[in-house]
Every structure is written in C-alpha cells, then in structure tokens.
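What the coordinates show
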Amino acid sequence: MKTINSLKLKLSPSFLILSFLSMFLISGMKLDYSQNTQEHRSTVGFHCSFFGRPTESVWEMELAIYKAEYQKIRELLFSNDTGKRYLAVIVCEVLEEQQVFKLTHLEKAHVKGLYDSESEVSFCAGCGFFESYSFRDLLRENTRFGEEARKWAFKKVSRPNSNDNHQKLKQ
C-alpha cells in the first residue's frame, strides 16, 4: 500500500496559475448578503468584465430611465436589493434636480435615512476589481464610485432625446 508521501503529482505551472486566477475571480463574483438576511446586495458596475459592460442592475435602471418609468424608479427606493436602491437614490435626486418630478415627503424621509445607513453596496470595475461601500460613505463622501454613479445618472437623465427636449423642439 502506498502512502500519501510517496505519491507525486506533477502539475504544470500554467495549470496552477489558471486555477488560482479562477478561484480568485469566482470568489469576487459571488453574490453577497448583508447582515440583514432579507437585504440582498447585488453588484453595481458601469464598466465590468473583460468587455466593460454594465451590471444587470445598471441595465435595468437605464431601461427604466429610457422608458420614463419614473414610478418604477421611485419604488426601487424601497427595494431589498441595495444596489438597485442606491441607483434609485442617485437617479431620483438627479430627476428632482432636473425638475422632472418631486419626491414625496415619505420618499424624501427615506432617502434622508439612507444617507446614514450602514447597508452596503458592492461595486465592480473591469475583470477583477470589487469593493463595497456603505450608503453613508457613498452619499456623503466623494468616493470614486459615488462620483461615477452621479455622472452616469446625470448623463442618462439629460440624454438628448429626453421628454423636455422634445417639448422644446416642438415650440
């Protein structure tokens, strides 16, 4: 009978490197859950993966903006998904700033509470960069991802084919 010490496995260096990278990327891509088990934390990203594509939550918000589904965006302020909730806060603030609509008192109070929230939002960039920030840090401080989200929201809301510009062109 052979012992474990007498068995020799010959693994190529490229196999070891590939295995390590695969484990690293898979561990970074898993879905995280916050301390509250009912609160889901999806990843938000504007340029993720090798191809630099937006994440599903960003795509969903872009579609809602494009279709002017403002009620849906407002409802996402109360979502259990922290990624969607964060994007909804940013987009609603820009829509209110652009005077597209006004938030209700309840919505404003909820957003104000999120400015102090420790709930976390995960962000990705590129192939393997993942970080998480609390709502408080994202909304109160100038973080890289907070600034990127604000620029993204302003660009999407202020697109050339928005309803306001159509009305101005008709005059």
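Reference entry: report on the structure contained in this document. The model shown is predicted, which means the values in this text are computed figures rather than measured ones. (Residues numbered from 1 in each chain as written. Predicted model: local features only at pLDDT ≥ 70, side-chain atom pairs only at ≥ 80, totals over all residues. Heavy atoms only, no water.)

Spatially, E3-E4-E5 is the arrangement adopted by the three strands of the open sheet, whose pairing is mixed. On the outer flanks of this sheet lie strand E3 (43-44) and strand E5 (129-134), each paired with one strand and no other. Where E3 and strand E4 (residues 120-125) come together, two bridges link them in parallel fashion. Within E4, the residue paired with Val-44 across the bridge is Phe-123. Across the sheet, helix H4 (residues 82-97) is in contact with E3 and E4; its angle to E4 comes to roughly 85°. (Pairing = 2+ DSSP bridges. Helix = DSSP H or I, 4+ residues; strand = E, 2+ residues; numbered from the N terminus. Contact = heavy atoms within 4.5 Å. Axes fitted to C-alpha atoms, helices over the stretch in contact; angles between N-to-C directions.)

The final tally for this structure, using the stated rule, is one disulfide. Paired by a disulfide, Cys-48 and Cys-124 hold their sulfur atoms 1.7 Å apart. For the disulfide bridge between Cys-48 and Cys-124, the dihedral angle about the S-S bond is near 95°, and by the sign convention the bridge is right-handed. With Cys-48 in the loop between E3 and helix H2 (56-66) and Cys-124 in strand E4, this residue pair connects regions lying 76 residues apart in the sequence. Cys-48 provides the cysteine sulfur closest to Cys-127, a residue in no disulfide bond, and the two sulfurs are 9.6 Å apart. (Disulfide = S-S within 2.5 Å.)

Attention now goes to helix H7 (residues 144-157). Taking 1.5 Å of rise per residue, the 14 residues of H7 would be expected to cover 20 Å, and the 20 Å separating its terminal C-alpha atoms lies within 8% of that figure. Those residues of H7 that sit buried are Phe-145, Gly-146, Ala-149, Trp-152, Ala-153 and Val-157. On an axial view of H7, the arc spanned by its buried residues comes to 125°, and they lie on one face. Residues of H7 that are exposed and angled more than 90 degrees away from the buried face: Arg-144, Lys-151 and Lys-155. Taken together, the buried residues of H7 touch H2, H4, E4, E5 and helix H6 (135-140). (Expected span 1.5 Å × (residues − 1). Buried < 20%, exposed > 50% of the residue type's maximum accessible area, 1.4 Å probe, protein only. Arc of directions from axis to C-beta.)

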